[in-house]
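The primary structure of each chain is shown beneath.
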Amino acid sequence: MYWLNFYCCVSISYMIFPRESLTWDCYCICYEMDVEEMEVDGTENHSLRNDKIPKTLCGLDFCFHVFNKMYIDDIIALEQCDVIPGMYWYKRHPIYKVDIMGVVVKRQENVRCFIYAVDDGTGVITCCCWKSRLHEQSSEDIETSLQRCRNLPEVLRKKMSGVLMSEAKKKEGYSLGDLVHIRGKIKIFRGEREVVASYHNKLEDPNMEIVRMSELPILYRTLYDMDTLPKKVLEELSEMSGQKKGICHGEIVPELKKILVTFIEDQQPEEISVEHVSKIPGVTVLLKEMKTSEEKNTQIQSALDVLEGEGRVFTKQKNHVYGVINPGCSMERLIMDILKRDCVKEKFQNEGCHYLHIVDEVRKSPDYSAITNSCVLTCLNNLEYQSDVIRTSFTKYFLCTI
């Protein structure tokens, strides 16, 4: 019904108004009716969510590769992307190239470019059209170039002459009131958004603007306001967004880690377990929104794994029990015994023991069979800080007193 009313208005305008005056009348009818229709509907079917797609998936969206035909008002209101320079968001679509059509309302000429203010009825945006090398040629040079094309095939000769003549017309630029078609990238110059044109041309037929304004509502309803990514990608994104609505794993693990580090530094326990960690007051408050104990244990286990990777705790043979590496712990005494025994050997008496050799010796003990390199390096750093060992190179350690 909406489009029927629109085409009826356009048909009546053709009968009442002359051809030259159709542009602004029908243009306003189309845009205002489109806005009213959207306000009446309130919601759109298959509407696009406001959350952004990851930057690695932007190339799957058709808007990323094409010149998008849009209202100038929407181009000005595009949200700038903080991750990828020069890219903008329209709802969930990544956009950096646009296709606009409007009337020149302001004109300025510089040495290297023309600057136009283009108005399509919804807004005004600045367009920068760089001068080509043909602008530097005189009319005699263009005629000479046309004469050189006489030996080309007829199709190429017509094409070449058309290009040269169109460029010759662009040499003086467009006048106020001209209907222009511009394609280009969105840029920011001196704090204002503009379109740097890669293609621009003057349209002789004013009814081309009517065609564009009848085309835009369809593009918005069928493409820009809908998800166009592959179905499998949309399912994965919906799962990701569903996880973000709850407690996010990436947010809770760092908080758990901070609580555990503070607890270890204050209490200095010899070992901790998942059950022990779950009873710490700060952890209880942080995990109170989780309903099942399995979810809580998973988060605690992830935080302990992060601490193990940093060399603060190590896995023992008991299930879910971790030994804590503190200054003066049993592992430091074991490492000191290894260095006293091996640093007197001919192989190590000059430069000391490589830390990987120390790791292998520590793993021979049943209690430390699953020890990681980072845990041994943490103990060596503590011993070096206490002046019990000295580092002879980046990877080798020697006992201070044998």
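Residues numbered from 1 in each chain as written. Predicted model: local features only at pLDDT ≥ 70, side-chain atom pairs only at ≥ 80, totals over all residues. Heavy atoms only, no water.

Student: What should I look at first to understand the layout of surface pockets in this one?
Tutor: To find leftover empty space, one rolls a probe the size of a water molecule over the atoms. The volume enclosed by the largest pocket comes to roughly 360 Å³. What lines the largest pocket is a set of 15 residues, and nearest its centre among them are Gln108, Ile115, Thr126, Phe189 and Glu194. Only strand E5 (97-109), strand E6 (113-119), strand E7 (124-130) and strand E9 (192-202) provide two or more residues apiece to the lining of the largest pocket. Here the element with the most residues in the lining of the largest pocket is E6; it accounts for 4 residues. (1 Å grid on protein atoms, 1.4 Å probe; cavity = no way out; pocket = protein on both sides within 12 Å on 5 of 7 lines; lining within 4 Å. Points joined across faces, edges and corners; volume = space filled by probe spheres on them. Helix = DSSP H or I, 4+ residues; strand = E, 2+ residues; numbered from the N terminus.)

Student: What's the story with helix H12 (residues 330-342) in this structure? I'm lost.
Tutor: Along an α-helix, residues three or four positions apart point the same way, because every turn accommodates 3.6 residues. If you check H12, its first and last C-alpha atoms are 19 Å apart, about what 13 residues at 1.5 Å a residue would give, namely 18 Å. For H12, every residue scored as buried is listed here: Met331, Glu332, Ile335, Met336, Ile338, Leu339 and Asp342. Along the axis of H12, the buried positions cluster into a sector of 160°, meaning they face one direction only. Taken together, the buried residues of H12 touch strand E11 (313-315), strand E13 (353-354), helix H13 (355-363), helix H14 (373-385), strand E14 (389-391) and strand E15 (396-399). (Expected span 1.5 Å × (residues − 1). Buried < 20%, exposed > 50% of the residue type's maximum accessible area, 1.4 Å probe, protein only. Arc of directions from axis to C-beta. Contact = heavy atoms within 4.5 Å.)

Student: I would appreciate a short explanation of the sheet that holds E14 in the present structure.
Tutor: The pairing of strands in a sheet comes from backbone hydrogen bonds and takes either a parallel or an antiparallel form. Pairing within the open sheet is antiparallel, and its 3 strands lie in the order E13-E15-E14. Bordering the open sheet on either side are E13 and E14, each of which pairs with just one other strand. By the bridge criterion, 3 bridges tie E14 to E15 in an arrangement that is antiparallel. Of the residues in E15, the one forming a bridge with Ile390 is Phe398. Packing against the sheet, H12 makes contact with E13, E14 and E15, and its axis sits at approximately 80° to E15. (Pairing = 2+ DSSP bridges. Axes fitted to C-alpha atoms, helices over the stretch in contact; angles between N-to-C directions.)

Student: What is the right way to read the nonpolar core from this model?
Tutor: Across soluble globular proteins, you tend to see nonpolar side chains buried next to one another. Judged by nonpolar contacts, the single largest core of 29 residues is most densely connected at Met70, Ile75, Leu78, Ile95, Ile100, Val118 and Ile182. Elements with a contribution of two residues or more to this core: helix H3 (72-76), strand E3 (88-90), E5, E6, E7, strand E8 (179-189), E9 and helix H6 (208-224). Ranked by residue count, the leading element in this core is H6, at 5 residues. With residues near it in sequence (within four places) discarded, Val118 still touches Ile72, Ile100, Gly102, Val103, Gly123, Val124, Ile125, Cys127, Val180 and Ile182. If you look at the next biggest cluster of nonpolar residues, it comprises 26 residues, including Ile325, Cys343, Cys375 and Val389. (Core = buried A, V, L, I, M, F, W, Y, C linked by side-chain atoms within 4.5 Å.)

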